[in-house]
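Here is how the chains run, residue by residue.
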Amino acid sequence: MKLGLRKIMTGNPLLQAFRFPCGIELKNRLIMAPMTTCSGFYDGTVSNELVEYYRARAGSLGAIIVESCFIDNSGPAFPGAIGVDSDSKISGLARLAAAIKDKGSRAILQIYHGGRMVSPALIGGRSPVAPSAIAAPREGAPVPVALTEAQVEEMIAKFGDAVRRAVKAGFDGVELHGANTYLIQQFYSPNSNRRSDKWGGNREKRAAFPLAVLDIATEAAQSFADENFIIGYRFSPEEIEEPGIRFADSLYLLEEMAGHGLDYVHFSMGHILRPSLVDRQDKTPLIRKFIKERGAHLAKIPVIGVGGVVNRQDAEAALANGYDLVAVGKACIAYPDWADIISAQDLAGDKAAAETAPVSTPGKAGENRAATAVEAGGEAADLAGLLPAEPAALELYIDSTKREELLIPEPLWRFSLVEAMIRDMSVENAKFHAGTYQEDLSDDGLRIVMNVTLETDRIKDITLAAGTDIDEEFTACFNLVRGRILAANSPHIDAVAGATAQSEAVKQAVSKALMKSSREALSESGGEVVLQRYDVVIIGAGGAGLAAAIEAKDNGAKVLIVEKMPVVGGNTIKASAGMNAAETHFQKAKGIIDHKALFFQETMRGGHHKNNPSLLWYFVEHAPEAVAWLEKHGISLSDITTTGGMSVDRTHRPADRSAVGGYLISGLLKNVHQRHIDIMTNTAASEILRENGKVAGVRLRDSEGEEQIILTKGVIVATGGFSANSRMVEKYRPELKGFVTTNHAGATGDGIKLLERLGADVVDMKEIQIHPTVEQSSSYLISEAVRGGGAILVSQAGKRFVNEMETRDKVSGAIIDLPEHYAYIIFDEQIRRENKAVEQYIARNLVIEAAIIVDLAARLEMNADNLEKSLRNYNAAVAAGEDKEFGRITALRQPIDKAPFYAVRIAPGIHHTMGGVKIDPDSAVLDKEGDVIEGVWAAGEVAGGVHGGNRIGGNAVADIIIFGITAGRQAAAHKFKR
Ligand code: ADP
């Protein structure tokens, strides 16, 4: 009876066939929305996992729009993005298209360029490109380089090439991605496009780029496709920034595009019925405004809606409100057979009617739906609400044990969109004490109180308590976060974009409630507190901690990592030069002859022979293995350079010559996630607990001051150094008072104190390294790889004053001895090109640039003759292979003569603390008698001895990986000891 009613009202439009203006027909109106999977290969080629993911979802859907594909290698906006930027990508894309089409769905490829939304880390450290040199309005966004007019034309041509490749790969169409603040939108937006040439200015001129892209796409389709080819356009209807795109602007652009010919327009919104984000008073869904206000051309173009469609009623509401086609996102990930489920929710009779229904004519469809709604006798948007609930409503969550079965690629599983849907189904016992917990997060005169209601195994509800000060913005964010937390059954969800602080407040309230309730549940179970137990607890999630975690897990241990900062990566993420190792297979492949003994000798010499020889020998001996270990874990350091104090190229770095830190941490983290290792961030270890002389657990304190105890027999301390603890630095080296530090805020020496309380001995505490080349206003380190790549240092007088490739202490000392106590690092275009890290310095405005030396000198207020002479002499030394003046023997790579020329003003900063707790080569911590303290290991900068009086560039990364692996292995083995 109910469904009969539905049939009369809607004629079951979802399952009707549909024809685009180009003539291509879809068997129904259900489309899988384009969604980032992050599952391509590193260079953007399609992986097998990805093919299988799409194959599993194709079949009953009318079409699949394959996730955004970058059209140029400067365009990927996220890791693991797939590309259509070269002909070599066609075969992989063809497999994807075939997998979808063979199952009976149409295949459309979304194409884009990320523009200023591209992170330099994804494009080898280069600066991203955009219409104008204005950074995106988000924290840490790089300043992009404005495209020249010629480059704009090239970019348009690349969109054309991408369409050609999509045709060749067998796709039925492309969707031009004009949304999500990517390049096409950036050209249309008055916020990001401040150009004064023909590509910018008033609205009409800003529309030129999207229209040119549409035209070239149409031309390419006409030239290369045998028959019809779909061309759609995705758009974000509004921007909230001032100035920014308003809804009327979007209508203007789409009307123009419709005039040029288009197969569909695709709203990009979080919810199909979302109202304006700008005009908050107006609650009318934008689609309704669109239908009402669109002009004659646009009324002929089909509209796709997306956002929040999970059940059939949602899809029906979309059509009822004016969309012609419905794109479905997360539900298609959670339910590969989503369209079948939706069809099965239907009556057999309904289905039969749908299959025999005539194909709707494009353009009329939207109007038809609106008319249907009126016939139903009410407001279209309320239609879904009027209908009785379907019996088998789908819930948007994914069973944590079903990844393989659902053919969800691993990177996508870890992607926030999916991660937020995963519900932990492996929980056997009740976790919580049922009840409602009130959490007060009031702050700065604002009263925020939340009620968190828990059942024994789930978070039932979160509400705002009476009396809470709420504004509209907070409520909107609260509702979103609430939904995510309930769906995930966990507070560990992604923050709402643009409302991080509010999101964190809600997450925190829930975490606190969970903690309280768990405690109650535990004490209820016989009054005895049952604490969590791990085989190994690792304190610190920098390079050493993450490497140790992976190795411990692979050696059979149950591992927990605790990190006091909100994010992982520690200081390691800032590492730039690379990882030193002698006799590696990478060196052999490049014909570099090196010897472990030489590496040992040079590190000893660099460390003023204060290094602990047995630790250093273990380090040198195991360095090549550590490089291979990384390689085995997908972290390839195949390019090789050198750093100060080394006579051979042995500093291993990523193939694209980018800074090592970010690459290393993201690779290690990927491995940690793949192994499902638990990580607690915002949680500091405050004490290592012992019972009868043996390690028994760790006391943790979260950022709220809440404490908990974790039971364990093995603790690895990987907390890094103490460069950011000025009191500690001054205690050991009073003369370093007031020096800036290159380190992150978490480098405060906690691990040393934790271990000293257990009786650990320390060594070399006075050995604190100052790095010679730190830009002082930002404390940003200018990597040694730049000097290693051929740069020189000059004083304010424009003269060289030191062998730049001396060890860090010597170069620092020489700078401090200059009357001005600072210097300039000078390099040219070739050095810039070969050292990707330079792009970061440029993006941060640390670099002074000039086309000729005289101008550079003028900008540095330096004597130009001196600077020119210094470069002439240096270039002559390069040609002769001998630097008589300063005795530089390494990195005399090429003359500095390729314009433009660059300079960064630098002075020393506190960089590394060589001292720390005493360990043996097994990473075991030693007491004052030299005996092993059972159950604790230390790895990385927290331990002293390897580097002696001065650390060589590239030896810290080697240190953390070598001793991280060792500590992980030893601690895991300890689990088997009684
Ligand atoms: P390494 O290079 O030796 O791995 P890093 O500085 O990269 O050192 O990483 C050390 C990590 O340890 C940092 O992320 C830091 O925030 C974290 N850390 C420091 N002290 C504590 C502590 N008491 N509890 C938890 N984490 C800590």
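Here the structure is a predicted model, which is why all the values come from computation and not from measurement.

Engineer: I'd like a rundown of unusual backbone geometry, residues and numbers included.
Structural biologist: Cis geometry is found at the peptide bond from E242 to P243, where omega equals -5 degrees. Mapped onto the elements, P243 comes out in the loop between β10 (230–235) and α8 (247–260). For the bond from A899 to P900, the omega torsion is -5 degrees, close enough to zero to count as cis. Secondary-structure assignment places P900 in the loop between α32 (864–880) and β35 (901–913). At L407, a residue that is not glycine, the phi angle is positive and equals roughly 50 degrees. Mapped onto the secondary structure, L407 falls in the loop between β14 (398–399) and α16 (410–413). Residue L407 is classed as partly exposed on the basis of its relative accessible area, which comes to 39%.

Engineer: A description of the packing of aromatic side chains should follow, citing residues and the corresponding values.
Structural biologist: Enumeration over the complete set of coordinates arrives at 18 aromatic pairs. Pairing F599 with F619 gives two aromatic rings, centres 5.8 Å apart and planes at 50 degrees, and the pair type is tilted. Pair noted here: F599 is in helix α22 (residues 596–606) and F619 is in helix α23 (residues 613–632), with a separation of 20 residues, a long-range link. For F599, a relative accessible area of 0% translates into the label buried. The buried category is assigned to F619, whose relative accessible area is 0%. Ring geometry for F600 versus W617: centroids 5.5 Å apart, planes at 65 degrees, classification edge-to-face. In this pair, F600 sits in helix α22 while W617 sits in helix α23, placing the two residues 17 residues apart along the sequence. Taking relative accessible area as the criterion, W617 reaches 37% and is therefore assigned partly exposed. Aromatic ring contacts, followed pair by pair, group F159, F187, W199 and F209 into a single cluster.

Engineer: Just give me the short version of the site of the ligand, but keep the residues and values in it.
Structural biologist: The local shell around the ligand holds 26 residues, among which A544, E563, T572, D750 and E941 are the closest. Between the ligand and G543, the relevant distance is 3.2 Å, taken from an oxygen atom to a main-chain nitrogen or oxygen of the residue. E563 is positioned with one of its side-chain polar atoms (N or O) 2.6 Å from an oxygen atom of the ligand. Broken down by secondary-structure element, the contributors of at least two residues to the shell around the ligand are α20 (543–554) and β25 (683–691).

Engineer: Could you give me a rundown of the pairing of strand β38 (residues 932–938), with the residues and numbers involved?
Structural biologist: Among the seven residues of β38, five are classified as buried, and the element is accordingly described as predominantly covered. Examined bridge by bridge, strand β28 (residues 714–717) and β38 share three bridges and lie parallel to one another. Following the sheet pairing, I716 is matched in β38 by W937. The pairing of strand β37 (residues 924–926) with β38 spans two bridges and is antiparallel. Across the sheet, residue A924 finds its bridge partner in β38, namely W937.

Engineer: Describe the sheet that holds strand β36 (residues 916–918), and please don't skip the residues or the numbers.
Structural biologist: A sheet is described by the order of its strands in space; here three strands give the open sequence β29-β36-β39, paired in mixed fashion. The sheet terminates laterally at β29 (762–763) and β39 (943–944), the two strands that pair on one side only. Bridge analysis of β29 against β36 gives two bridges, and the strand direction is antiparallel. Note that in β36 the partner of V763 across the bridge is G916.

Engineer: Lay out a nonpolar patch on the surface with the relevant residues and their values.
Structural biologist: Judged by side-chain polarity, I240, L277 and V278 come together as a nonpolar surface patch covering roughly 240 Å² of accessible area. Looking at the secondary structure, you find I240 in the loop between β10 and α8.

Engineer: So what's going on with the sheet that holds strand β27 (residues 707–711)? Residues and values would help.
Structural biologist: Across the sheet, which stays open at both edges, the three strands sit in the order β25-β26-β27 with antiparallel pairing between neighbours. The two strands at the open ends of the sheet, each matched to only one other strand, are β25 and β27. In this sheet, adjacent strand axes meet at a mean angle of 25 degrees when their direction is disregarded. The sheet contact formed by β25 and strand β26 (residues 694–702) spans eight bridges and is antiparallel. Across the sheet, residue A684 finds its bridge partner in β26, namely R701.

Engineer: Tell me what's going on with the environment of R195, and back it up with residues and numbers.
Structural biologist: Tracing the backbone through its elements, the reader meets R195 in the loop between α5 (183–188) and α6 (203–206). Polar contacts involving the side chain of R195 include one to the main-chain carbonyl oxygen of L147, which spans 2.7 Å.

Engineer: Which residues make up a positive patch on the surface, and what are the values?
Structural biologist: The grouping of R727, K731, K753 and R757 at the surface amounts to a positive patch. Note on placement: R727 falls in helix α25 (residues 726–732). Looking at R727, the relative accessible area reads 73%, which means it is exposed.

Engineer: Outline the side chain of D85, listing residues and values.
Structural biologist: Secondary-structure assignment places D85 in the loop between β5 (82–83) and α3 (90–102). In terms of polar contacts, D85 uses its side chain to reach the side chain of K89, at 2.5 Å.

Engineer: An account of the pairing of strand β19 (residues 536–539) is needed here, citing residue identities and associated values.
Structural biologist: Both faces of β19 are covered, namely the face carrying V536 and I538 and the face carrying V537 and I539. Relative to strand β20 (residues 559–562), β19 runs parallel, the two being bridged by four bridges. By the bridge assignment, I539 is partnered in β20 with V562. Tracing the backbone out of β19, into α20 and back to the parallel element β20 gives a crossover that is right-handed. Note: β19 against β28, four bridges, orientation parallel. Residue I538 lies in a different strand from β28, and its bridge partner there is I716.

Engineer: Talk me through the nonpolar core; I want residue IDs and the actual numbers.
Structural biologist: With 106 residues, the main nonpolar core has F209, F290 and W338 as its most contacted residues. Ranked by the residues each element gives to this core, the list is headed by helix α7 (residues 208–224), at nine residues. The residues touching W338, leaving out its near neighbours within four places in the chain, are L30, L61, V309, V310, V328, A331, C332 and L394. Membership of the second largest hydrophobic core comes to 97 residues, among which are Y732, I770, A924 and I952.

Here is what the cut-offs are and how they apply
Residues numbered from 1 in each chain as written. Predicted model: local features only at pLDDT ≥ 70, side-chain atom pairs only at ≥ 80, totals over all residues. Heavy atoms only, no water. Helix = DSSP H or I, 4+ residues; strand = E, 2+ residues; numbered from the N terminus. Buried < 20%, exposed > 50% of the residue type's maximum accessible area, 1.4 Å probe, protein only. Phe/Tyr/Trp six-rings, centres within 6.5 Å; stacked < 30°, edge-to-face > 60°. Near = heavy atom within 4 Å. Polar contact = N/O pair within 3.5 Å; in protein donor to acceptor, adjacent residues only side chain to side chain. Pairing = 2+ DSSP bridges. Patch = residues over 30% accessible without salt bridge, like charges linked within 9 Å, V, L, I, M, F, W, Y side chains within 5 Å. Areas by Shrake-Rupley, 256 points an atom, 1.4 Å probe, with all protein chains shown as cover. Salt bridge = Lys/Arg side-chain N within 4 Å of Asp/Glu carboxyl O. Axes fitted to C-alpha atoms, helices over the stretch in contact; angles between N-to-C directions. Lys, Arg positive; Asp, Glu negative; His and termini not counted. Charge placed at Lys NZ, Arg CZ, Asp CG, Glu CD. Right-handed = clockwise from strand over helix to strand, strands pointing away. Core = buried A, V, L, I, M, F, W, Y, C linked by side-chain atoms within 4.5 Å. Contact = heavy atoms within 4.5 Å.

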